Structure formats: C-alpha cells, structure tokens
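Each chain, written out:
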Amino acid sequence: MPRFFIDAPLHAGALLDLPDTVVRHIQVLRLKTGDTLTLFNGTGGEYPAVLTTLEKRHATAQLGEHDRREAEPPYRITLAQGIAGGDKMDWLIEKAIELGVTEIQPLATERSVIRLEGERAAKRVAHWQALVQAACEQCGRNRVPEVLPIRPITAWLGDRDVIKSDGWRVLLSPRADSGFDSLPLDAPSAPGILLFGPEGGLAPQEEALARQAGFSAIRLGERILRTETAGMAVLAALAARWGGW
C-alpha cells in the first residue's frame, strides 16, 4: 500500500487536501479514485485512507481510524557522520533511516571533500531531510528522524549540551584496539551516538578530541571499509544484536 508523509495534523474521519508533492507522486503511481493509501505525519502511528478525488493538480483523501503501529527499534542512535562526497551522503542517510537511526548529525571535518556553509548548507540539509521523509515512506517508519544543521566537528565535540554524560558514544576507527564484540549484548536504555569519519576517516587530532569527549573507539576487523559501508555495517550488526529488526 502506498505510504505518504503529510506535514500537517491528521485526524480520523477528516477529508484531507493532499499536498502538491503527494499529488504528483500519486499520479506517477497511477492511483485512481477509490484506491487505498496510508498517511502519517511523524508524530506516531498512521492512518489508512481512501483517495476520494483525483484531478491533475488536486486530490483529497478520507482518513480512517488511527493505527498506532510503530516500526522503531528498542534503542536510540544519533548517526554523527563526517560529510561524504558525491552521492555517498545521500545514500548513507537513506540506508541509515532504513536501519533505524533516530537522528542524523552531519559534520564538517578536516578530510571532508565537500565544504558547505550558509545558504548552501541549509539547502543541503533540507535536501537530506526530504530523503529522510521518503525513506520513512518506503520502509514503514512512522517517526521521522531529524537531520540537524551541519556543524564543525570540533565545535560539536565541545558542546556539552549535545555530548551528554548519560549517553553512550562509539567511534569507528581502524586504529582502535577493541572490536565490535566489546559493545554490550543488550540494548542500552540511554541514547547513543555513532561517530564516523568521511573518506579517509577522521584526522588524528579529531579522533583524539572524540576520545577526550568520552567516545570509545572500536574497529570491525582487518579490512578497511569505505565510509558509506562502515556505518551501515555497524547499524545492521547492532540491529541484529539488540533486536532492531
């Protein structure tokens, strides 16, 4: 059943005018009046709906009863990712959402290929947030993670309102002595942060700052993984270990 994110309040029984972006998607899917779909707004649960009107630039849907179904893992993870170049960042954000992250923090690092500031940075974050919404539509999540504004990694690591003492923090590093098996067998109740560098990894001084901020470094093995592979490997392994599937 097609699923669509609606950035508006939803209520059982409401007759809803669908946004232009959703109307265009419905037309691409060749849906017809009377077809069923699912709508959600990111606050939890979803609504079955029936397409009641479909015109070239306008469509309406009748909402059914609220369904409290959720697809969230039993743990909370912020993916802190050094900005990767090309389409890699888009790809890893999309896959991270499918694998259950609850928040994404893009980081400007010394080895980041792309430099984003001001209006360019704001546009790129908005683009990533749209990818998050689309990924939630596709994978069945009813909670929409937030893509936070881009921050320099040094400023972010020094922000004690972000790097809180009650959470767990893990850094992936080929220089680490501990492996994946050093992580707890059961999902922690406190939220956590997974920190990954861009292509080439974090610079030594950035890794040192992360360790000073309380990050524990782990490595996955003898092979060096690309940045777009490393994060997904860890997230998938944690989902298998902590019941995130």
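Anything mentioned here points back to the structure above.
Reading the values: rules and limits
- Every residue gets a number counted from 1 within its own chain, in the order that chain's sequence is written.
- With the structure being a predicted model, the display of local features is reserved for residues of pLDDT at least 70 and the display and counting of side-chain atom pairs for 80 or more, all residues being used for whole-chain, interface and lining totals.
- To get the side-chain values, take all heavy atoms of the structure and skip hydrogens and water.
- Working definition: a ring pair exists when centres of Phe, Tyr or Trp rings (six-membered ring for Trp) sit within 6.5 Å. Plane angles under 30 degrees give stacked, over 60 give edge-to-face, the rest tilted.
- Here a helix means four or more residues in a row that DSSP labels H or I, a strand means two or more in a row labelled E, and each is numbered from the N terminus.
- Burial status follows relative accessibility: with a 1.4 Å probe on protein chains alone, a residue under 20% of its type maximum counts as buried, one over 50% as exposed, and anything between as partly exposed.
- Think of the arc as the fan of directions from the helix axis to the C-beta atoms.
- Should any heavy atoms of two residues lie within 4.5 Å, those residues are counted as being in contact.
- The set of buried Ala, Val, Leu, Ile, Met, Phe, Trp, Tyr and Cys residues whose side-chain atoms join them within 4.5 Å is what this entry labels a nonpolar core.

Engineer: Can you lay out the packing of aromatic side chains for me, pointing to particular residues and giving the numbers?
Structural biologist: One pass over the full model with this rule turns up four aromatic pairs. Each ring, one from Trp168 and one from Trp242, has its centre 5.5 Å from the other, and the planes form 85 degrees; the classification is edge-to-face. Here Trp168 is found in strand E10 (residues 168-172), whereas its partner Trp242 is found in helix H6 (residues 227-242), with 74 residues between them in sequence. There is no split in this pair, since Trp168 and Trp242 are both buried.

Engineer: Pulling in residues and values, what's your account of helix H2 (residues 88-98)?
Structural biologist: Turning to H2, its buried residues are Met89, Leu92, Ile93, Ala96 and Ile97. Relative to the axis of H2, the buried residues are bounded by an arc of 135 degrees and lie together on one face. Turning to H2, the residues buried within the fold contact strand E6 (77-82), strand E7 (103-108), helix H3 (118-139) and H6. Where H2 ends, the next residue or the one after it, Gly100, has phi of about 100 degrees, a positive value.

Engineer: Go over the nonpolar core, please, and point to the residues and values.
Structural biologist: Grouped together as the largest cluster of nonpolar side chains are 40 residues, with contacts concentrated most on Ile77, Val101, Ile104, Trp128, Leu194, Leu235 and Leu238. Going through the elements one at a time, E6, H2, H3, E10, strand E12 (192-196) and H6 are the ones with two or more residues in this core. With seven residues, the single largest contributor to this core is H6. Leave out the neighbours within four places in its chain, and Leu235 touches Ile77, Ala96, Leu99, Val101 and Leu194. The next biggest cluster of nonpolar side chains, apart from the first, holds 17 residues, and it includes Phe4, Leu16, Val23 and Leu37.

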